[in-house]
Structures are given as C-alpha cells and as structure tokens.
Amino acid sequence: MDFFAFLIDGLLIGFVYGIAAMGLTLIWGVMNVINLSHGAIITLGMFGVYLAFAELGLHPYLGIVLVGMAGLLTGMVIYAVAIHRVINAPHLSTLLATFAVNMIIIGIGTAYFTTNARNVDFSLGSVKAGPVNIQVTRLVAAAFSVAVTGSLYFFLYRTKYGKYIRAVSNNREAAELMGIPSAFILALSFGLGTMLAGIAGGMIATFFPFTILSGGTYEVKSFVIGVLGGIGNPLGALIGGILLGIFEGVMPYFTETSWVPVFEFGLFVAILLFRPQGLLGAKK
Amino acid sequence: MAILEVRDLASGYGEVQILWGATLSMEKGQLTSLVGANGAGKTTLLKTVMGVVKPREGSVWFDGRNVSSLSAHKKAEIGLVLVPEGRQLFTDMTIEENLEMGAAPKRAKSKFNANLERVYVMFPRLKERRLQRAGTLSGGEQQMLAVARGLMSDPIVLMVDEMSLGLAPVLVLELFKILRQLKDEGLTLLLVEQNVQMALAVSDYAYVLSHGKVDLHGHSKDLVHDDHVRSAYLGM
C-alpha cells in the first residue's frame, strides 16, 4: 500500500478518535472529572451497535443513533448514582468512582459477552479516489463526526441548556446563584460526554472487530488527544484526533506497526513536558 | 410584614463555626445594610441565606414562607438573588450571555426583553460591549455587569455583597446611586459593605454584625450618631 493510502486511512479514523476524545474532554472541562469509565462506555457503544445489528436486525447507522440516545440517558444515570456524591471531593474520589463504574461495566460485560471478538458484518464497499481505495464506512464516519461536532457547537453556543453548561463549567457556584440547576446541568454534561463516547464506539464497530476490552485503547488515545487539542474545546479534540489518526496511519510506512504506540506515547510525554496547555492551547 | 427574615441563623465551614445565631428582618421596599469588621460573618450570612452554605440552626423566611432548606437555584427562582462577592462572572462568556444566564429563573424569562433594555439604559457601557467577553472588562465594568446580571433575574430581594471592594471612589458613588434608584423603584435591597460610611448614608436601616451575631441595629441615620459605631467603624 502506498503512502497516501496510509495517510487517508489514518485521517478518516482520526475523525472518530476526535469524537471519542470530545466525550472525555467535555466531562473533564465542565466538572474537572477524569472519567476512567470512558473506555468501558466506548465498548458499550460498540456492543450496542452490534446488538442492534445482529439481534434486532437494524441498520448499523440507525444503531449508532440509538446508542447515542441511550448513552445520554446512561451517562445521566451514572452521574446521579456514582459521581454526584463525590463531585466536590478531591480528585482521587472521582477517579475511584469512575474506575468503579469501569470495573462494573467490564465485569458484567465479560460475564455476558465473554471476551470473544465480535464483528458488525457490514460493508458499503469502497470508492476509488485517484490511486487509493477508500472504504465508504470510513467516509460516512468522518462525515458523521463533522456533523456531531457541528451539532455540539450549536448546542453549546446557541441553546439554553448548552449555555447553561458553559456557565456551570465557567463558575459553578455563580451559575447556581443565578438560578441554574447546576446538579442537573452536570448530569447533562456527563450524559453528553457518555453519548459522544458511545457514538465513537459505535462508529469504530463498523470498521474493526472488537471485544469487551477494546475500549481501553481508545480511552488512552482520548487522553493523548486531549493533551494535543487542549481541554474544553471540541474543535481542538477533533483536530487532535485527526492529527493522531494521521500519525498512526503514516507511522507504519516508516517503521514496524508494533513501534507505533512507542512513538505515540513518546509524543504524549513530550507535549506534557514542553507544552502542557496542549498543542492548540486550552480554552483558558 | 417582613419580606425577608433571618432567625437565629448559625452556620460555618467544617469545624469552624462563623455565624452564631444572627437575626435580622427586612421590610419590603427597604434598603438595608449589613456592616461589620472583616471576618464578622457578613458573606457567610448571605451564603447561608442563599443556601450555598447549609444552615446548622435557625431559619430563613421569605415572604412568610420557611425557605431554609431550598437550594440556591430554587431561591433565585422565587426572587431571592445574591450578587456575590468578587463578582463571580462567567468570564469566558460574552456580556450579553452573562445577562442571559442571569435570566435563568422562570419568572424572569417573560420579562427578558424589558429587563435587558432596563439594564442597558442603567449601564450604557455594557450595551456598547455586549459581545465582548466578560473577562476582558475592567473591574468597575465587571461590578456593573454583576449587578446587572442580578437584576436580570427580576429579583424581589436583591442582596449585594461587597460591591465597592477595590473600585475607584467615583465608580462606587455611581453604583450606590443606581442602588438608590432601584430602591426608589420598589426593589428590596440588602447591602453588605465594608465601606460603613457609604452604607449608612445610603440605607434606611442597618445591622452591625460582630463575631457572627447582630451586635446592634437601627435606622441608619441614628446609627451614624451612635458612639460605638462611630468609634468602632467610622474611625471618629
């Protein structure tokens, strides 16, 4: 395969990485919680689409939309049950709470699905663009990711609840004093972050086979992207995702695939050392 | 009948108790000031009234109803609004968005356009900069925005914490004039101030808080002549 094929492949997957990272950084930015259940929720998105496709016979893209809606509700429930009681506690408590949610999801998932690989057996074929073949599922996922990012911006900057989220993120106590129900807004933000993670998982399920443990990889990638793109900035997450996707795509052209994570995390550490505000700069 | 009544209110943070049974009462349409030394518990009193800090003892009554257990956003919803110390603006949002956030309570939504017009007339500088981020404003403009944001929630009782802190005297005077004007329009105000002289000059009634309790209260024009107040707070 030639260089351009690697590049385009990585680029298109990068959009999906961006959506996954947006879910992580939204929660991080609004409530200062590092969500260690992020990977498990991505996995739930994968299995959600798988079940909708294999058990209910639904089109995978309809499955992704349903997973998004279920993700919003699930996230709000997770917030109410596990996060809200420790939201003002030190970071360790929220880390442990979200890690516990992670363990519960993976434990139940493993019991139910085992760790066997699944696959959403579905293809839209490929199109030829000059010298390279591009899989249509990846083109659709990239376009869908752009639409999701646009909708998120519209929601955050143009709607009442979106503005409430920005207000709570900016100054929670002042928001509460102004009559904004901050606990509900935090739950909504966690729900949105979960929704984005679920959608990302659902899109990944249309490219690759996966197991109940697959989400962890994407969680770690989301951290790298968060650092690349800055926290609290959806467009930064998308761009960071694309950059990471391209990086992952072209590296195998120069070196063995097994070396890619070494360079990826080397980059992560280098950015943390030399530009901790993120390559693109955080919001504040 | 009193519109806002605080009965034997006690509260604090963790192991530290700040308020030790403060009692005060405000009549509708009155401008009341709450003065006292640094650390007397003024800000804690306001935060406890709002429910940001939970009361340990005592109660808060609003319009004849015990509202002690309501959370802060529900208090704002019924018309009890605090302009907090240090302005606490949404610095990453525009001026107009800040004002929009002030209008979060349901009761304020139907009056949004009228209230926006009103605060822009009151503070023309905010209108000029309405699309600018709040964090880029000067200290005085930020305080104006904080008061304007409070007014956007269409309060019945507006409590203002340390409005004059760190502002140039000419700005302080301008802001006090606006509060006086609001009072004349029928708003009930509670003003917490370190600038005792200014607070007594502008208010109808005043409470002096000391070590978490009300030490003294009376009509402001009488307190100005009180020997204890003059020596302890006015430096005379």
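This section reports on the structure supplied with the text. These figures come from a predicted structure and were not determined experimentally.

All right, on to the overall build of chain A then. The helix and strand inventory of chain A stands at 11 helices and 2 strands. C-alpha atoms of chain A, sized along the principal axes, occupy 60 × 45 × 35 Å. In chain A, buried positions account for 52% of the 284 residues. Once local pairs closer than 6 in sequence are excluded, the contacts in chain A between residues at least 24 apart make up 76%. When the accessible area of chain A is evaluated, it comes to approximately 12,200 Å², of which 70% is carbon and sulfur surface.

Before going further, it helps to spend a moment on the overall build of chain B. The helix and strand tally for chain B stands at 11 helices and 10 strands. By principal-axis analysis of the C-alpha atoms, chain B measures approximately 45 × 40 × 35 Å. By the burial criterion, 55% of the 236 residues in chain B qualify as buried. Excluding contacts between residues fewer than 6 apart, the proportion of contacts in chain B whose partners are at least 24 apart in sequence is 68%. Entry remark: accessible area of chain B is about 9,800 Å², with carbon and sulfur atoms responsible for 51%.

Attention now moves to unusual backbone geometry. All names here are of chain B. Of note in this structure, aspartate 8 is not a glycine but carries a positive phi near 50°. Mapped onto the elements of the fold, aspartate 8 is located in strand 1 (residues 2-13). We note that aspartate 63 has phi near 55°; this positive angle belongs to a residue other than glycine. On the accessibility criterion, aspartate 63 (47% relative accessible area) is partly exposed.

Turning to the sheet that holds strand 6 (residues 80-83) of chain B, a few remarks are in order. Residue and element names in this part refer to chain B. Taken together, 6 strands build an open sheet; the order of strands is 6-7-8-3-9-10 and the sheet is mixed. This sheet does not close on itself; its edge strands, each paired only once, are strand 6 and strand 10 (213-219). Here the strands of the sheet are splayed against their neighbours by 20° on average, with no regard to which way each runs. Relative to the sheet, helix 8 (residues 169-184) contacts strand 3 (31-36) and strand 8 (188-193), its axis offset from that of strand 8 by approximately 155°.

Looking now at the pattern of salt bridges. Should their charged atoms come close, side chains of opposite charge can pair. With the rule as written, the count across this model stands at 16 salt bridges over all chains. Aspartate 154 of chain B serves as the salt-bridge partner of lysine 111 of chain B, at 2.7 Å between the closest nitrogen and oxygen. Of this pair, lysine 111 of chain B sits in the loop between helix 4 (106-109) and helix 5 (112-122) while aspartate 154 of chain B sits in the loop between helix 7 (139-152) and strand 7 (157-161), and the two are 43 residues apart along the sequence. A salt bridge links arginine 125 of chain B to glutamate 141 of chain B, with the shortest nitrogen-to-oxygen separation between them at 3.9 Å. Residue arginine 125 of chain B is found in helix 6 (residues 124-128), and its partner glutamate 141 of chain B is found in helix 7; the two are separated by 16 residues along the sequence. Residues joined in a network through salt bridges with shared partners are Lys221, Glu248 and Glu264 of chain A.

In this section: the environment of phenylalanine 99 of chain A. Residues and elements named next belong to chain A. Within the secondary structure layout, phenylalanine 99 lies in helix 4 (residues 91-113). Residue class for phenylalanine 99 comes out partly exposed when judged on its relative accessible area of 39%. Spatially, the C-alpha atom of phenylalanine 99 lies 9.6 Å from that of isoleucine 34, the residues being 65 residues apart in sequence.

Calculation rules
- The residue count restarts for each chain, going from 1 along the sequence in the order it is written.
- Chain labels run from A onward and ligand labels from 1 onward, assigned in the order the entries are written.
- Reporting of local features is limited, given that this is a predicted model, to residues whose pLDDT is at least 70; pairs of side-chain atoms are given and counted only at 80 or more, and all residues count toward the totals for whole chains, interfaces and linings.
- Side-chain measures here rest on the full set of heavy atoms in the structure, leaving out hydrogens and waters.
- By the criteria applied, helices consist of DSSP H or I runs no shorter than four residues and strands consist of E runs no shorter than two, each listed in order from the N terminus.
- Only protein chains enter the area calculation, which uses a 1.4 Å probe; residues under 20% of their type maximum are buried, those over 50% are exposed, and those in between are partly exposed.
- Any pair of residues with heavy atoms lying within 4.5 Å of one another is described as a contacting pair.
- What sets the accessible areas is the Shrake-Rupley method with a 1.4 Å probe; for residues, cover comes only from the shown protein chains.
- Pairing between strands is defined by DSSP: at least two bridges between them are needed.
- The angle between two axes is taken between their N-to-C directions and runs from 0 to 180 degrees, where each axis is a line fitted to C-alpha atoms and a helix contributes only its stretch in contact.
- Every case where a carboxyl oxygen of Asp or Glu lies within 4 Å of a side-chain nitrogen of Lys or Arg is listed as a salt bridge.

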